[in-house]
Amino acid sequence: MPTVDDILEHIGEFNFFQKQTFFLLALISVAFTPIYVGIVFLGFTPDHRCLSPGVAELSRRCGWSLAEELNYTVPGPGPVGEPFPGQCRRYEVDWNQSALSCEDPLAGLAANRSHLPLGPCRHGWVYDTLGSSIVTEFNLVCANSWMLDLFQSAVNVGFFIGSMGIGYIADRFGRKLCLLITILINAASGVLMAISPTYTLTLIFRLIQGLVSKAGWLISYILITEFVGLQYRRTVGIFYQVAFTFGLLILAGVAYLLPHWRWLQLTVTLPNFCFLFYYWCIPESPRWLISQNKNAEAMRVIKHMAKKNRKSLPASLQSLRPGEEVSEKLNPSFLDLVRTPQIRKHTLVLMYNWFTSSVLYQGLIMHMGLAGSNIYLDFFYSALVEFPAAFIIILTIDRIGRRYPWAASNVVAGVACLASVFIPADLQWLKVTVACLGRMGITMAYEMVCLVNAELYPTFIRNLGVLVCSSMCDVGGIITPFLVYRLTSIWQELPLVVFAVVGLMAGGLVLLLPETKGRTLPETIEEAENMQRPRKKKEKRIYLEVKKLDIPLN
């Protein structure tokens, strides 16, 4: 019986239907960007200082500039470990006193300012920004700064839980149904977050977005790879992630135009409601239908694809009957990811590489700290670095394969981290160049793990395998901030040493996986187990139907 890949060779592997579907699903990848990295703008922490009643009136009466006001009324640098006490502490002074002079208002209270008592910011803070963020609105600074960390951790916790739970549902009840459910919940919770009056509600709705948004992004990725033919699978996989990079550029522009976090959140969320129209635009995956022994429905989808592509489906390829593609309906289980030796090895190596990609990708951004004070330009420039990574993959993946470019990208990222440790501080341009090289390498590794993950699992657990393995990148996202900032307090370059070791190990482990270049997607566990074996040339067979005549016996 013909496989889906055999049928796609006749009705079109990447014709009008697949191109239309890819464009629609790529928009989901673009819309996922604000959830994954939106904290850069939603949680932006500007320069701030304690609000002291009476200071503004005294400043106007004396005609001070902002620099003079800060010099006269805000505590200066403190001891090591507390470099900016002026952000979290204030002079315990009644600034409404008429006896305060304009030349040096504190001179009459103490000969040395260091002798003046300092207290907490009881009246709030003043933020040096024209816009707003959840930090400025809910005062997530000083003693409450941990609440911003909790806000970002909640998203990653949601990613982690949602990846496993929704992955199981998508393999059990179908890609399309699960995708539409995640879209609806994501859009509704995003709007509710934008209008939430309290930090607690904002945190809850952000957690809900995390539970469904990444799962929806990955389900879309699975769908498009199952709709296209063998020759185009890697291309759509790469460009699906390039769409995410375009989302980074768009987010920088929208955030620049809308510096207030509520309007920004609402603007990037509303387009998600348009994705609900995909109910009429995108069918269920025929591969999933076949894996569930729903061959008649799968054939209807295939005929719809052929009609869209203006191709005819030969009669010899319309003979799928229940029980011939899959002997019985298969229900996915977490145990299927570790039950057999080869799939177990795939699962462990993929989980480690997802973890490594997340830690290095986010960690390098945190550690390098782009020069300059324009957050929008810094974000824009850092996104541009990801485009060369995608084009390098496109140029090498069909010529060399998956394994070696993937392993090399991890090694390049690890070596770049290690090299940065030994570059003198006065060669800042070289440090930035090497850091960008490391960022490019780990971006390639990130895109490769997405591509190969879907190619190593049989159909009935493919979605579950991708989502469970990718959940390790959420674990990496949770611990990376602590890894960077805690180790930096010991030695500035220590995080880079850790990144180097983690990246080099990932490059070596990749070589344990089978090469998937030119292979069809495995449909059964047996096919996935045999991927490590050398491929045999496809035999061409001709089947003859022999009819016997019934001759009556005399």
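Structure: see above.
Everything numeric here is computed off the predicted structure, so don't read it as measured data. (Residues numbered from 1 in each chain as written. Predicted model: local features only at pLDDT ≥ 70, side-chain atom pairs only at ≥ 80, totals over all residues. Heavy atoms only, no water.)

Caption draft 1: Fine view of the packing of aromatic side chains. The full count for this structure, using the stated rule, is 20 aromatic pairs. For the pair F32 and F159, a centre-to-centre distance of 5.8 Å together with 50° between the ring planes defines the contact as tilted. Of the two residues, F32 is situated in helix α2 (residues 16–37) and F159 in helix α7 (residues 146–173); the sequence distance between them amounts to 127 residues. A network of ring pairs unites the aromatic residues F32, Y36, F159, W217, Y221, Y240 and F244 as a single cluster. Between K176 and the ring centre of Y279, over which it is positioned, the NZ or CZ distance is 4.8 Å. In this arrangement the basic side chain of R403 is found over the ring face of Y404, its NZ or CZ atom lying 5.3 Å from the centre. (Phe/Tyr/Trp six-rings, centres within 6.5 Å; stacked < 30°, edge-to-face > 60°. Helix = DSSP H or I, 4+ residues; strand = E, 2+ residues; numbered from the N terminus. Lys NZ or Arg CZ within 6 Å of the ring centre and 35° of its normal.)

Caption draft 2: Just the packing of helix α19 (residues 403–422) against helix α22 (residues 494–510), in detail. Following both chains from N to C, one finds α19 and α22 inclined at 165°, their axes separated by 8 Å at the closest point. Looking at the two axes, α19 sits roughly antiparallel to α22. Between α19 and α22 the crossing geometry is left-handed. In this structure, α19 uses R403, W406, A407, N410, V411, G414, V415, C417, L418, S420 and V421 to contact α22, whose residues at the interface are L496, V497, F499, A500, G503, L504, A506, G507 and V510. For the contact of α19 with α22, the per-class residue count stands at 14 nonpolar, five polar and one charged. (Axes fitted to C-alpha atoms, helices over the stretch in contact; angles between N-to-C directions. Parallel < 35°, antiparallel > 145°, perpendicular 65-115°, else oblique. Left-handed = near helix turned anticlockwise from the far one by under 90°. Contact = heavy atoms within 4.5 Å. Nonpolar A, V, L, I, M, F, W, Y, C, P; charged D, E, K, R; others polar.)

Caption draft 3: Focus on a nonpolar patch on the surface. Nonpolar side chains collect at one region of the surface, where I169, F173, L177, I181, L184, I185, L270 and F273 lie side by side and expose about 690 Å² of accessible area between them. Those elements that provide at least two residues to the nonpolar patch are α7 and α8 (175–194). The biggest single contributor to the nonpolar patch is α8, with four residues. Structurally, I169 is set in helix α7. According to the relative accessible area criterion, I169 is partly exposed, its value standing at 38%. (Patch = residues over 30% accessible without salt bridge, like charges linked within 9 Å, V, L, I, M, F, W, Y side chains within 5 Å. Areas by Shrake-Rupley, 256 points an atom, 1.4 Å probe, with all protein chains shown as cover. Salt bridge = Lys/Arg side-chain N within 4 Å of Asp/Glu carboxyl O. Buried < 20%, exposed > 50% of the residue type's maximum accessible area, 1.4 Å probe, protein only.)

Caption draft 4: Expanded view of the state of the cysteines. Tallied over the full model, the rule gives two disulfides. Bridging C50 to C121, the disulfide has an S-S length of 1.6 Å. Of this pair, C50 sits in strand β1 (residues 48–50) while C121 sits in the loop between β3 (118–120) and β4 (125–127), placing them 71 residues apart in sequence. Taking the relative accessible area as the measure of exposure, C50 reaches 8% and is therefore buried. We classify C121 as buried; its relative accessible area is 10%. (Disulfide = S-S within 2.5 Å.)

By themselves, these are just geometric observations and shouldn't be taken as functional.
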